[in-house]
Amino acid sequence: MMSDYTRGVSSLSLWTRCLFAALLVLIGLALVFGGAWLALDAGSLYYLVAGLAVVASGILTWLGDRRGAWLYGLMLVGTLAWSIWEAGYAPWLLVPRLVAPFVLGLGFLLPPLRRLDYRTPSAGLVAGWPAFAGGLVLALALGAGLHAASYTAPADPLWQTGGAVPAPAPLPHPLAAVPDEGWPFWGNDRGGTRFSPLAQITPQNVGQLQVAWEADTGPAPTGDKTGGLAVTPIMVGDALYVCSEYNVVISFDAETGKERWRHAMTGKVESGKPCRGVSQHRVPGATGLCADRIYAASQAPDLVALDAATGQSCPGFGDGGRTSLLAGVGEKNPGLYYVSSPPQVVRGKVVVGGSILDNQLWNSPSGVIRAYDAVTGQLAWAFDVGRPDRSTAPPPGETYTLSTPNSWAPASADEELGLVYMPTGNAPPDLYGGQRRPFDDAYNSAVVAIDAETGKERWRYRTMNHDLWDYDVPAQPTLVDLPTPEGPRKALIVSTKRGETFVLDRITGKPLKPVRDLPVPQGGTVPGENLAPTQPFSIGMPAFRGAELHEADMWGVTPIDQMICRIKFLQDRYEGTLTPVGTERPTIVQPGYGGGVNWGSVSVDVDRGIMVAAWMNLPTQARLITRAEATAKGFKIFDGKGPVPGSDAPMENTPYAGVLGPFLSPLGAPCSPPPWGLMTAVDLASGRVIWSRPFGTARDTGPLGIPSMLPLPMGVPFSGGAITTRGGLAFIGASVEQAFRAYDVTTGEEVWKVRLPAGGQATPMTYRSPKSGRQFVVIAAGGKPTLKTKQGTKIVAYALPN
């Protein structure tokens, strides 16, 4: 008779087998239904075939038939062959195809599934393992052969100017003059090279860096966490100056990090938007209070002037040390108009643009650019693209022209030429341009060179025609003296969200590298919209946007995840870069609104003539909906309360609203394949890539937002930029990995990495302390809610051991 113990074991084995079989059937059915849907859209047949095999395997396993295991094994052999045929040996492309099926197959090694065998002798299992192993080998060979025979690599615009080249030798003369000790401007110099001539830290000793000091910017006044510390400190004399997203300017001792003073610009938080930096100016011939000044923009927003030594308000500037930036801009809904970039000081003028919250409404606040006297705070001039004849404030009862292109990114300047270079975005809203005026299109997504003394336009260069994709110029224009066959030329480098990089003569605005107008996809737009038939492409520089997407490129965590991404890809509209956005179905926008290159800008090693760019290759989805649909969904413009809206684009006062967001799988993984974040070095003379590397590991990312803890190079999303040094290093935080790292500028080798106390979504800086002579490298560790990185309030400084 069967004992109770034997009966219990037998019952447990039966339940284990049945549960595993049921899991196989459920997974198989999901693959069958999704695979049939995909096949009807002319997609891959693999998921339908694999699903049928898994369902049959589950049924046989339920019945206790060992052939269920062999059928699953045959499916694995076919999956391996198919995966290599379709994706080659790219590890991250193989992960969603192979890992989950092979892990699931381990269930057949459970004792109940090995022991229970009603129809096939167990000896058959032992004898079959060599055959199964041989099948895997055959699959590897078959997949490799088919891949080699049929695979054609998609054209990658990163390499459009030619293959990788050796790093150039140091130049006989640097491309720009930069400070030799401090970091007095947001980009170290007015031209935004983000290059330091310090060489104490090198690829050989960077591994010895250790924390020298930490400073705390303090919590939000209300404990709110809607912003993110994204500041790049400036260093002048022996002090660092920073601002937080909560209206505070702070000075720290450059040697010790000890706080010297703190100034609360206003106690009221308007938008929770980041404050990325402050500016400084020494008033010629002045002494005493406010001879040295710090300028910052509060979130009221006001332009504030402070004494650099004490943090006191400058009494002769504006109204008790502040000048309101709301005067004349129009709609004053809290948070619709704000300033996140540091002012630019040139020729005794403090120049500020302004940011308009995306896609909220037509008749948004004006995108006017203004300059204020650095001493008095009085308006010196206003640049209003709708009123080019008027450089003064509007008369009482009037405003500057509403809904014009705005200049939210950091500006650069040439003190010698007397020009300030203002990058611009779209006339709001981004996704619909049927109501734009001729001057809106004339200035959208452009760089405008403005005379710093008069406020008159010298030249402008537009990087987009009738931009409908939120492809602002988000980066600080970078000024260098570019070597050419005719000798050095005063150049300006324009980096864009769409990944194009334009190199212009900064005196005339004419391209120094070839640009060609090329046709772009047409049709499918809404009534009243007029697409531009062509767009400018910079064929003399690599494009930071990745190769065009195909169904086989779709990613995900598991085969089901990937299959759903394939279905979405085939059902969405995608005809390559600049595919129009319409109402019928979502459009895949690549690169997405995060870039390409974003506000972190590029850095130029002016000694070696190398441009280093951190860029993203992460598509988004966008679709227009009717006003009636938007009303039914409850869309409304941002009122200053709660988090800044992400996927809703109300676009009030237009016929349409928009729905936009990341192109993600059901498990929250990008549908596009990694790498999503990259670091690339370009030889400026030739325009060719020196090296390109995935940037960041998978440690702090994973499905459903759960960190995978896998320190595998993947190339992850980020926010921030890099700096370069004469020591031959590129330093960058930025990534969602919560790490700070250094690359060898000439080879791209990662030579140092350290864990940060919070996300480092900021651009670092470096300086030499006048007290000790040590070179410090500093970064803000504040995190970023939209990237779901850990938030913090720390400024962290690293140096070699004393």
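A quick note: this is a predicted structure, and the numbers were derived from the prediction, not measured. (Residues numbered from 1 in each chain as written. Predicted model: local features only at pLDDT ≥ 70, side-chain atom pairs only at ≥ 80, totals over all residues. Heavy atoms only, no water.)

Asker: Even after reading the chapter, I still don't get unusual backbone geometry, so can you show me in this structure?
Answerer: Outside of glycine, negative phi angles account for most residues, and trans bonds account for most peptide bonds. Cis rather than trans, the peptide bond between proline 428 and proline 429 has omega equal to 0°. Tracing the chain through its elements places proline 429 in the loop between β18 (419–423) and α7 (438–443). Of note, the bond from proline 674 into proline 675 is cis; its omega dihedral lies within 30 degrees of zero at 5°. By the element assignment, proline 675 lies in the loop between β31 (656–662) and β32 (677–683). Residues other than glycine seldom take positive phi values, yet asparagine 247 does so here, at roughly 65°. Tracing the chain through its elements places asparagine 247 in the loop between β4 (239–243) and β5 (248–253). (Helix = DSSP H or I, 4+ residues; strand = E, 2+ residues; numbered from the N terminus.)

Asker: Help me understand the pattern of salt bridges, please; the structure alone is not making it clear to me.
Answerer: A side chain of one charge can pair with a side chain of the opposite charge if their charged atoms are brought near each other. Evaluation of the coordinates by the stated rule reveals 35 salt bridges. The residue arginine 190 makes a salt bridge to glutamate 415 at a minimum N-O spacing of 3.7 Å. You can see arginine 190 sitting in the loop between α6 (122–150) and β1 (195–196) and its partner glutamate 415 sitting in the loop between β17 (412–414) and β18, a full 225 residues away along the chain. The exposure class assigned to arginine 190 is partly exposed, which follows from its relative accessible area of 25%. A residue is classified by how much of its surface remains accessible, and glutamate 415, at 32% relative accessible area, is partly exposed. Among the charged side chains, a salt-bridge network with shared partners connects Glu86, Arg97, Glu551 and Arg566. (Salt bridge = Lys/Arg side-chain N within 4 Å of Asp/Glu carboxyl O. Buried < 20%, exposed > 50% of the residue type's maximum accessible area, 1.4 Å probe, protein only.)

Asker: What exactly am I supposed to notice about the sheet that holds strand β35 (residues 729–732) here?
Answerer: The sheet built from 5 strands is open, its strands ordered β1-β34-β35-β36-β37 with mixed pairing. Among the strands making up the open sheet, the edge pair consists of β1 and β37 (750–755). In terms of strand pairing, strand β36 (residues 739–744) meets β37 through 5 bridges, oriented antiparallel. From the neighbouring strand, phenylalanine 740 faces β37, where its bridge partner is valine 754. (Pairing = 2+ DSSP bridges.)

Asker: Before we go on, may I ask you to explain the packing of aromatic side chains in this structure?
Answerer: Aromatic ring pairs are defined here through the distance separating the ring centres and the angle between the ring planes. The final tally for this structure, using the stated rule, is 22 aromatic pairs. Ring centres of tyrosine 72 and phenylalanine 108 lie 5.4 Å apart, and the angle between their planes is 50°; this geometry places the pair in the tilted category. Separated by 36 residues along the polypeptide, tyrosine 72 in helix α3 (residues 67–87) and phenylalanine 108 in the loop between α4 (91–105) and α5 (111–115) bring together distant segments of the chain. Measuring from ring centre to ring centre gives 5.7 Å for phenylalanine 569 and tyrosine 574, while their planes differ by 50°; the resulting arrangement is tilted. (Phe/Tyr/Trp six-rings, centres within 6.5 Å; stacked < 30°, edge-to-face > 60°.)

Asker: How should the nonpolar core be read in this particular structure?
Answerer: Side chains of a nonpolar character, in soluble globular proteins, are inclined to be buried together. Counting residues in hydrophobic clusters, the biggest one holds 50 residues, and the most contacted among them are Trp213, Phe731, Tyr767, Val778 and Ile795. Setting aside anything within four residues of it in sequence, one finds valine 778 in contact with Trp213, Pro233, Leu240, Pro764, Met765, Tyr767, Ile795, Val796 and Ala797. (Core = buried A, V, L, I, M, F, W, Y, C linked by side-chain atoms within 4.5 Å. Contact = heavy atoms within 4.5 Å.)

Asker: Looking at this structure, how should I read the packing of α3 against α4?
Answerer: When two helices pack together, you describe them by how their axes are tilted relative to each other and by the distance separating the axes. The interhelical angle for the contact between α3 and α4, taken along N-to-C directions, is 170°, at an axis separation of 10 Å. Taken together, α3 and α4 sit at an angle that is classed as roughly antiparallel. On α4, the residues that touch Tyr72, Leu76, Thr79, Leu80, Trp82, Ser83, Ile84, Glu86 and Ala87 of α3 are Leu93, Leu94, Arg97, Leu98, Pro101, Phe102, Leu104 and Gly105. Of the residues assigned to the contact of α3 with α4, the class counts are 12 nonpolar, 3 polar and 2 charged. (Axes fitted to C-alpha atoms, helices over the stretch in contact; angles between N-to-C directions. Parallel < 35°, antiparallel > 145°, perpendicular 65-115°, else oblique. Nonpolar A, V, L, I, M, F, W, Y, C, P; charged D, E, K, R; others polar.)

Asker: Help me understand the pairing of β35 in this model?
Answerer: Here is the key point about a regular strand: its side chains alternate between the two faces of the sheet. Covered by surrounding structure in β35 are Leu729 and Phe731 together with Ala730 and Ile732, the residues of both alternating faces. Bridge count for strand β34 (residues 722–725) against β35 is 3 bridges, and the pairing is antiparallel. Its bridge partner being in β35, isoleucine 723 is matched across the sheet by phenylalanine 731. Once β34 ends, the chain turns through 3 residues before running back antiparallel as β35, passing glycine 728 with a positive phi of about 90°. Hairpin connection between β35 and β36: a loop of 6 residues separates the two successive antiparallel strands, and alanine 734 in this loop has a positive phi of roughly 70°.

Asker: Mind showing me how you'd approach the sheet that holds strand β33 (residues 688–694) here?
Answerer: To summarise the sheet geometry, strands pair through backbone hydrogen bonds and adopt either a parallel or an antiparallel arrangement. Strand order in this open sheet of 4 strands is β27-β28-β32-β33, and the pairing throughout is antiparallel. Of all strands in the sheet, those with a lone pairing partner are β27 (602–605) and β33, marking the two edges. Shown here is a sheet whose adjacent strand axes are inclined to one another by a mean of 20°, direction ignored. Note that β27 and strand β28 (residues 610–616) share 4 bridges and pair antiparallel. Bridge pairing in β28 links serine 603 to valine 612.

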